[in-house]
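Report on the structure
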Amino acid sequence: MSSTEELLVRDIAAVTGGVEVTDSELRQAREVLDERIEGRRQRDRRRIFAAVAAAAVVIPVAGFVALQTLNGDDKSAPPVRPGPTKAVDPYAQFLDGADPTADLVKGVWRVDNGTVLVRFSPPNRVAMDNRGRLFADPDISGTYQIEGDLITVQVEEGPADCLGQTMAMRASVTKRGLMHVVHTQPGQGDCAPEFPEVADDPGSYDDVSWGLEQVLPTSKILSGLAVAEKDWKKLSRQQPLAGDWMTQGGGQMLELTRNGDYSVLAGTGEVVDRGQWSRQGSTLTLTSSGSSPSCSAGDRLALGGLEYANLGTPFVRGTVEENGCDGAWAEKTWIMLPQ
Amino acid sequence: MGERRASTWSEAAKGPARAELVDVLFRRHYAALLRLGVVMLGSREAAEDAVQDAFVALHRNRSTLRDPEAAEAYLRSAVLNRCRSWVRRQVTQRATRPLLLLREHEKSPEETTVVRDEVGSMVAAMRALPRRQREVLACRYVLGLSVAETARLLTISEGSVKAHTHRGLQSLQQRIEVTP
């Protein structure tokens, strides 16, 4: 037995050892059970009685209709055939909103209380990621199509066992900037919604729903995030900066990859600047590359005296020491999107 | 032990009423099932409800009720199903609440580790595992079932039981605090 097994067995014994059932508790529980069984029996009786009563009405009516049909003088409308039993949709309330359209879903979304970022971009591209590299090298990317409230994703790039998979999800834009999603056909293995370990059975998840809030264009809720002045501290050397960030107030995102590349994104996720980033002490420097759409190669944005606040996710701000490209995002505070 | 159980059961089975059979099963299994429920849900009240529900369902299921082994398996499976539903209800309630701007339960590495000597911390970590993993671990270590018995109860293959056990334990291992 491994040490983890031993620890678990010991802890289970400690927890269950505290669950004692005395004779009187057992008697009480038995009485409660009797009451519940009796309650159930009475409900069943009522149900049977109602069914018998309904059958007693239906049989003569059916007989009458059959007789009329046989006589061939049926002037009334044909009897309505009972339709299929309407299945109860457990997510009806959750999905109460507008059906998704390419226009409504366009942009970047984050899973509420989760770590996954989703990007829908024209004409039909979709990307998902939970490692802070949605734009540089997302976990999963492919195409999507919408039919009614169903979004179907065809995975074209991603972890090995994810390629070629089809995922399907019902979606509803409950209001501008908020979308509810229910995975009707989650991916398998690495393609499961929260990207758990390979071979975890998607059916084993307790929840198949996502609440999504829009990062780009920024929803009103996200654009209202703010930090009190007293919460700011000097940024420590240990604080990692790689990941996806949004500007306080919304409008832009910044992606810092672990290999030193960066992208600044605006609108619905279009790149406005890209290049290499570096950090020296409490100074962050972004140096535009030749492929930057709106800055010249070598333009530098230097943020000095970096400060940090943690309200469940890191916030970072600094003083602009250099802004060669005159980027509108330079003076903003950045909020890390959980990954 | 098996013979004694069988003889007790046949005596009860000779009785006319389903209530008597339920009574025998109730006395025999209530406490163990309650412990299973407490481990799975972390709440005695919710566990009592799940176990009561399982017995009500068994009472309606005449054919299972006549076979003691089938009844025992039925009860275990019913309790696990009800625990699953309870967890799902909690999650659904979460899904319909207002969105959280930031992550709920954002934990520091210190908070996510399992403190070796803190009673219940391993069990709490087990409850946070994916459903299959926690159910397999509960069958193996709470009910004390073998791999084959667990596979039958959860209607999955023995290979899956081994894989989920391994992954579940590995996940717990990663959370154990490394003590100097």
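What you see is a predicted model; the values in this text were computed from it and never measured.

1. Topic: the overall build of chain B
Within chain B one finds 10 helices and 0 strands. When burial is assessed residue by residue, chain B has 36% of its 180 residues classed as buried. The contacts in chain B between residues at least 6 apart in sequence include a share of 59% that link residues at least 24 apart.

2. Points about the overall build of chain A
Tallying secondary structure elements over chain A gives 4 helices and 17 strands in all. Taking all 339 residues of chain A together, the buried fraction comes to 33%. Of the contacts made within chain A by residues no fewer than 6 positions apart, 45% connect residues no fewer than 24 positions apart.

3. Overview of the confidence of the model for chain A
Residue and element names in this part refer to chain A. Per-residue confidence for chain A gives a mean pLDDT of 82; residues scoring 70 or more make up 80%. For chain A, per-element mean pLDDT is lowest for helix 2 (residues 23-71), which scores 65, and highest for helix 3 (residues 102-105), which scores 96. This stretch, residues 61-85, has a pLDDT under 50; its non-local contacts, to residues over four places away or in other chains, come to 4 contacts.

4. Topic: the environment of V111 of chain A
All names here are of chain A. Looking at where V111 falls in the secondary structure, it is placed in strand 1 (residues 107-111). C-alpha of V111 to C-alpha of E213: the two residues are 102 residues apart in sequence and 6.7 Å apart in space. Look past the residues within four positions of V111 in its chain and what remains in contact with it is V116, W210 and L212.

5. Quick word on the nonpolar core
A general tendency of soluble globular proteins is for nonpolar side chains to be buried together. M179, V215, W245 and M253 of chain A are the most contacted members of the largest nonpolar core, which totals 59 residues. Listed in part, the 47 residues of the second largest apolar core include V15 of chain A together with V22, F26 and L75 of chain B.

6. With respect to the packing of helix 2 (residues 18-41) of chain B against helix 3 (residues 44-60) of chain B
Residues and elements named next belong to chain B. One can describe the packing of helix 2 onto helix 3 by two numbers: an axis separation of 8 Å at closest approach and a directional angle of 145 degrees. The hand of the helix 2/helix 3 crossing is right-handed. Between helix 2 and helix 3, the residues in contact are R18, V22, F26, Y30, L33, L34, G37, V38 and L41 and R44, A46, A47, E48, A50, V51, A54, F55, L58 and H59, respectively. Looking at the contact of helix 2 with helix 3 residue by residue, the classes come out as 14 nonpolar, 2 polar and 3 charged.

7. Concerning the pairing of strand 2 (residues 117-121) of chain A
All names here are of chain A. Burial runs high along strand 2: 4 of the 5 residues are buried. With 4 bridges joining them, strand 1 and strand 2 adopt antiparallel strand pairing. The residue of strand 2 that forms the bridge with W109 is V118. Here strand 2 pairs with strand 3 (residues 125-129) via 5 bridges, running antiparallel. By the bridge assignment, S121 is partnered in strand 3 with R125. Hairpin connection from strand 2 to strand 3: 3 residues lie between these consecutive antiparallel strands.

8. Remarks on helix 10 (residues 158-175) of chain B
Compared with the 26 Å implied by 1.5 Å per residue over 18 residues, the 26 Å span of helix 10 of chain B between its first and last C-alpha is a close match. Listed in full, the buried residues belonging to helix 10 of chain B are V161, H164, R167, G168, L169, S171 and L172 of chain B. Along its buried surface, helix 10 of chain B packs onto helix 1 (3-17) of chain A together with helix 7 (121-127), helix 8 (131-141) and helix 9 (147-154) of chain B.

9. Points about the pairing of strand 1 of chain A
Extensive coverage of strand 1 of chain A is indicated by the burial of 5 of its 5 residues. Judged by which residues are buried, strand 1 of chain A turns out to be covered on both faces: G107, W109 and V111 of chain A on one side and V108 and R110 of chain A on the other are all buried.

10. A word on the packing of helix 9 of chain B against helix 10 of chain B
Residue and element names in this part refer to chain B. At a minimum axis distance of 8 Å, the contact between helix 9 and helix 10 shows a crossing angle of 105 degrees. One element, helix 9, and the other, helix 10, form an angle in the roughly perpendicular class. Between helix 9, through V147, A148, T150 and A151, and helix 10, the contact on the second element is made entirely by E158, V161 and K162. Class assignment of the residues belonging to the contact of helix 9 with helix 10 gives a composition of 4 nonpolar, 1 polar and 2 charged.

11. Thoughts on the sheet that holds strand 8 (residues 209-216) of chain A
The pairing of strands in a sheet comes from backbone hydrogen bonds and takes either a parallel or an antiparallel form. Strand order in the closed barrel made by the 8 strands is 1-2-3-4-5-6-7-8 (chain A), with antiparallel pairing throughout. Strand-to-strand, the axes of this sheet are offset by a mean angle of 35 degrees, without reference to chain direction.

12. Observations regarding the confidence of the model for chain B
Residues and elements named next belong to chain B. On average, chain B scores 77 in pLDDT, and the residues at 70 or more come to 72%. Throughout residues 1-10 the model reports pLDDT below 50, and contacts reaching past four residues in sequence, or to other chains, amount to 3 contacts. Below a pLDDT of 50 lies the segment residues 12-16, which in the model reaches 6 contacts outside its immediate sequence neighbourhood of four places, other chains included. Scoring the predicted complex yields pTM 0.59 and, for the interface, ipTM 0.79.

13. A look at unusual backbone geometry
For residues besides glycine, phi is generally negative; the peptide bonds are generally trans as well. Going from P122 of chain A to P123 of chain A, the amide bond is cis rather than trans, its omega being 0 degrees. Residue P217 of chain A is reached from L216 of chain A by a cis peptide bond, and omega for that bond is -15 degrees. Of note, P217 of chain A is situated in the loop between strand 8 and helix 4 (220-223). At D326 of chain A, a residue that is not glycine, the phi angle is positive and equals roughly 60 degrees. Turning to its location among the elements, D326 of chain A is positioned in the loop between strand 16 (314-323) and strand 17 (334-336). Of note, T155 of chain B is a non-glycine position whose phi angle comes to about 45 degrees, a positive value.

14. What to know about helix 3 of chain B
With 17 residues, helix 3 of chain B ought to run about 24 Å at 1.5 Å a step, and its terminal C-alpha atoms sit 25 Å apart, in line with that. Among all positions of helix 3 of chain B, only A47, E48, A50, V51, Q52, A54, F55, L58 and H59 of chain B are buried.

Cut-off values and rules
Residues numbered from 1 in each chain as written. Chains lettered and ligands numbered in written order. Predicted model: local features only at pLDDT ≥ 70, side-chain atom pairs only at ≥ 80, totals over all residues. Helix = DSSP H or I, 4+ residues; strand = E, 2+ residues; numbered from the N terminus. Buried ≥ 20, exposed ≤ 12 C-beta atoms within 10 Å, placed from the backbone. Contact = placed C-beta atoms within 7 Å. pLDDT = per-residue confidence, 0-100. Core = buried A, V, L, I, M, F, W, Y, C linked by C-beta atoms within 7 Å. Axes fitted to C-alpha atoms, helices over the stretch in contact; angles between N-to-C directions. Left-handed = near helix turned anticlockwise from the far one by under 90°. Nonpolar A, V, L, I, M, F, W, Y, C, P; charged D, E, K, R; others polar. Pairing = 2+ DSSP bridges. Expected span 1.5 Å × (residues − 1). Parallel < 35°, antiparallel > 145°, perpendicular 65-115°, else oblique.

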